[in-house]
Amino acid sequence: MAILLTTAGPAVAPTYGEDAADLILEHGVFHPVATPQPVTGSLAVRDGVIVYLGADAGAAAFAGPDTERVELAGRAVTPGLIDAHSHLLGLGTALQQVDLVGTESYAEVVRRSAEAAAELPAGAWVQGRGWDQNDWTEKDFPRHGPLSAAVPDHPVWLSRVDGHAALLNQRAMDELGLGAATPDPPGGRFLRDADGRPTGVLVDNAMDVVRGKIPPPSAELRAQRLRLAAEHCLARGLTTVTDMGVSAVGLAAYDALAAAGELPIRAALFLTDDDALLAHWFAAGPRIDPTGRLTVRGVKLYADGALGSRGAALVEPYSDDAGNLGLLVTSEDHMREVAEGARQAGFQVGVHAIGDRGNLVALDALQAALPAPPAGAELRWRIEHAQVMRLDDVQRMARLGLIASMQPTHATSDMPWAGDRVGARRLGGAYAWRKVLDAGGRLALGSDFPVERAAPVLGLYAAVTRQDLDGQPPGGWLPGERLSRAEALRGFTLDAAYSLFLDSLVGSLEVGKRADLVVWDRDPMQVPAADVPSLQADLTLVDGKVVHRRRSTP
Ligand SMILES: [Zn+2]
């Protein structure tokens, strides 16, 4: 069985001088990642590929009459950042949700909903969350009238901040068949006016009449969400993103966008664990685009749940919930069988594993399906999150060549309560990036957006400080696990690319690689750590094309 182990390298060997470059970035400081020392000078791009990186003088040979030249004036350039574990379509969906947290009046809720509706095709559902009438001068529950008048052509569903009530407009009530004759369900209530007509507010179980009845988004809406999410990422310096767990309908949206040439970002997709979907793809084989714009060669599995809700599977009970061991959500046999199928069909496997038992079982399953190292390592299988591990298993993960796909901002989000869940001893193997590297393992970094924000500078900051944005705790949480600036950048570039089989194309600034890069307003490798979260991407390039330009930048 032939397995494609790497994506194709550059199709043409770089030539010097004979053909002019399309673009030269000059007078900059380039962080190549592939080599430790920065390069002061210029970078030239032809046909989307880096053809020169070196002193400014050497770039002159690449300048022709049509070459665009960008003056960097000493600004820093890194490879485009890569999020090794994210959910691009999920981000698009989240970005389209109307955020109503902190609204100070019903009028503001109506205004924001109308603005969101204006961005959507007529008939598409407007969904929002976060209103709280206790924050308004008028503290009664709202009535649908003003909302229905402002948004007549889209059904609207707005959850209250606590998720226990929601407001609908008239169009939504019409589509759901809600009227004066609709009885209250057990455990729920439709608020009504003096004539018994629903006011639009649904309480508790009455919300079930809506759930499951909102039709799935149209292909057009999905494509719009992908574009929205891609633009959001590009503006923050991400040039490659992942979608960890894509269904058939999600794939269709990516396909349509890519076929139309409208996918502005590089995307690597992992298939969701669905029998029919996997049977189809395992028969067809991975999708490996020679330019690496859209890749489908991974399968996402789940070993267990999450730590916050005590669904992560632990070897010993939760420290703050005696007797609770969490849950395995997939059997070891199933994980092993899917992994074997993936191996035969040339796919990667990424297993979500949070608790130490989740990780233990995931490692057992993958180990059983892997050929012995080093052949096993070449499959580039991954453990997603690798969040709380027994120290033996950190070693085993590295020995098997499994990639630890970890999210620095998870550590800083979870640090206020993670110790309560697992206790001091198990914290030794929690969010243990340094131990992964020390064991000889490889770290691919990401954010899990939209669970965390799609801003890689926040990941870089968390990785090097283990602090929240207020600089707490002093010195960092479990500070022995902090990464150096260079290690963090490598995790968000070259090693993330490796974890997606994209390292021959992107992830570093090298002649022959595709020109995915970011020009920063300040140098990410030089600014004080506290300034890393406020770094701005002035310019973002994918395949040598400017796909984001910050307003008021040259
Ligand atoms: Zn995820």
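Placed above this text is the structure.
Chains are numbered independently. Their residues run from 1 in the order of the written sequence. Given that this is a predicted model, residues contribute local features only at a pLDDT of at least 70 and side-chain atom pairs are listed and counted only at 80 or more, while totals for whole chains, interfaces and linings are drawn from all residues. Just so you know, side-chain values use all the structure's heavy atoms and leave hydrogens and water out.

Draft legend 1. Looking closely at the overall build of the chain. Each helix is a run of H or I in the DSSP string that is no shorter than four residues. Each strand is a run of E no shorter than two, and both are numbered from the N terminus. Across its full length, the chain holds 16 helices and 22 strands. Its C-alpha radius of gyration of 25 Å places the chain within 12% of the 24 Å reference for a compact globule of 554 residues. The principal-axis extent of the C-alpha atoms belonging to the chain is close to 80 × 60 × 55 Å. For the exposure calls, accessible area comes from a 1.4 Å probe over protein chains only, and a residue counts as buried if that area is under 20% of its type's maximum, exposed if over 50%, partly exposed in between. Burial status across the chain gives 54% buried among its 554 residues. Sequence separation of at least 24 residues holds for 71% of the intrachain contacts in the chain that already meet a minimum separation of 6. Of the roughly 22,000 Å² that the chain leaves accessible, carbon and sulfur atoms contribute 53%. In this charge count, Lys and Arg are treated as positive and Asp and Glu as negative; neither His nor the chain ends contribute. Taken as the charge centre is NZ of Lys, CZ of Arg, CG of Asp or CD of Glu, depending on the residue. Taken as two groups, the 51 positive and 69 negative side-chain charges of the chain have centres that lie 1 Å from each other. Atoms counted for the radius of gyration: C-alpha only. Globule rule: 2.2 Å times residue count to the power 0.38. Contact between two residues is taken to exist if any of their heavy atoms lie within 4.5 Å; hydrogens are not considered. Shrake-Rupley sampling with a 1.4 Å probe provides the accessible areas, and residues are treated as covered by the protein chains on show and by no other component.

Draft legend 2. Layout of the pairing of strand β1 (residues 23-30). Of all the eight residues making up β1, six are buried; the element is thus mostly covered by neighbouring parts of the structure. With four bridges joining them, β1 and strand β4 (residues 68-71) adopt parallel strand pairing. Residue Leu 25 lies in a different strand from β4, and its bridge partner there is Val 70. At least two DSSP bridges between two strands are required for those strands to pair. Relative to strand β5 (residues 76-79), β1 is paired through two bridges, and the arrangement is parallel. In the sheet register, Val 29 faces β5, and the bridge partner there is Ala 76.

Draft legend 3. Fine view of the pattern of salt bridges. By convention in these notes, a salt bridge is any Lys or Arg side-chain nitrogen within 4 Å of a carboxyl oxygen on Asp or Glu. One pass over the structure, following the stated rule, counts 35 salt bridges. Between Arg 382 and Glu 384 there is a salt bridge; the shortest N-O distance is 2.8 Å. On the basis of relative accessibility, which here comes to 0%, the residue Glu 384 falls in the buried class. Here the salt bridges do not stand alone but share partners, grouping Arg 266, Arg 293, Arg 514, Asp 516 and Asp 543 into one network.

Draft legend 4. Representation of the coordination of the zinc ion in the model. The protein atoms that coordinate the zinc ion are His 85 (NE2), His 87 (NE2) and Asp 448 (OD), at distances of 2.1 Å. Mapped onto the sequence, the residues coordinating the zinc ion show the spacing H-x1-H-x360-D. Here Asp 448 lies in the loop between β19 (442-445) and α14 (456-465) and His 85 lies in the loop between β6 (81-82) and α2 (88-96), a separation of 363 residues in the sequence. His 85 gets classed as buried once you look at its relative accessible area, which sits at 1%. Each metal's donors are the N, O and S atoms within 2.8 Å of it, or within 3.2 Å when it is Na, K or Ca, and because water is not part of the set, sites may look incomplete.

Draft legend 5. Fine view of helix α10 (residues 356-369). The end-to-end C-alpha separation of α10 is 20 Å, in line with the 20 Å expected for 14 residues at 1.5 Å each. The buried fraction of α10 is high, at 10 of 14 residues. All of the buried residues along α10 are Asp 356, Gly 358, Asn 359, Leu 360, Val 361, Ala 362, Leu 363, Ala 365, Leu 366 and Ala 369. In this structure, the buried residues of α10 make contact with α9 (332-345), β16 (348-353), β17 (382-385), α11 (391-399) and α12 (408-427). Expected helix span is given by 1.5 Å per residue-to-residue step, counting one fewer step than there are residues.

Draft legend 6. Examining the packing of α9 against α10 more closely. Only the contacting stretch of a helix is used when fitting its axis, a line to C-alpha atoms as for every element, and angles between N-to-C directions run 0 to 180 degrees. The interhelical angle for the contact between α9 and α10, taken along N-to-C directions, is 40°, at an axis separation of 8 Å. The angle between the axes of α9 and α10 places the two elements in the oblique class. Between α9 and α10 lies a crossing of right-handed hand. Residues Glu 332, Met 335, Arg 336, Ala 339, Glu 340 and Arg 343 of α9 form the contact with α10, whose participating residues are Val 361, Ala 362, Asp 364, Ala 365, Leu 366, Ala 368 and Ala 369. An angle below 35 degrees is read as roughly parallel, one above 145 as roughly antiparallel, one from 65 to 115 as roughly perpendicular, and any other as oblique. Each crossing is labelled by how the near helix is turned from the far one, with a counterclockwise turn of less than a right angle marking it left-handed and a clockwise turn marking it right-handed.

Draft legend 7. Inspection of a nonpolar patch on the surface at higher detail. Exposure above 30% relative accessible area and no salt bridge define the residues that can form patches, which grow by joining like charges within 9 Å and nonpolar side chains of Val, Leu, Ile, Met, Phe, Trp and Tyr within 5 Å. Judged by side-chain polarity, Tyr 302, Leu 327 and Val 329 come together as a nonpolar surface patch covering roughly 290 Å² of accessible area. Looking at the element boundaries, Val 329 is found in the loop between β15 (294-302) and α9.

Draft legend 8. Just the sheet that holds β19, in detail. Ordered in space as β6-β13-β14-β15-β16-β17-β18-β19, the eight strands form an open sheet in which the pairing is parallel. The open sheet has two edge strands with one neighbour each: β6 and β19. Inspection of the sheet shows β17 paired to strand β18 (residues 403-406) by three bridges, in the parallel sense. Bridge pairing in β18 places Ile 383 opposite Ala 404.

Draft legend 9. Highlighting the packing of aromatic side chains. Within 6.5 Å between ring centres, the rings of Phe, Tyr and Trp (the latter by its six-membered ring) count as paired, and their orientation is classed by plane angle as stacked under 30 degrees, edge-to-face over 60, tilted in between. In total, this model carries six aromatic pairs according to the counting rule given. Summarising the aromatic geometry, the rings of Phe 282 and Phe 347 are spaced 5.3 Å apart at their centres and angled 45° between planes, so their arrangement reads as tilted. Remark: Phe 347 occurs in the loop between α9 and β16 and Phe 282 occurs in helix α8 (residues 275-284); sequence separation between them is 65 residues. Taken together, the ring pairs in this structure connect Tyr 106, Trp 131, Trp 136 and Phe 141 into an aromatic cluster. In this scheme, the term charge over a ring applies when either NZ of a lysine or CZ of an arginine sits within 6 Å of the ring centre and within 35 degrees of the ring normal. A cation over a ring is seen here: Arg 380 above Tyr 498, with NZ or CZ 3.8 Å from the ring centre. Above the ring of Trp 433, the side-chain terminus of Arg 466 is found at 4.3 Å from the ring centroid.

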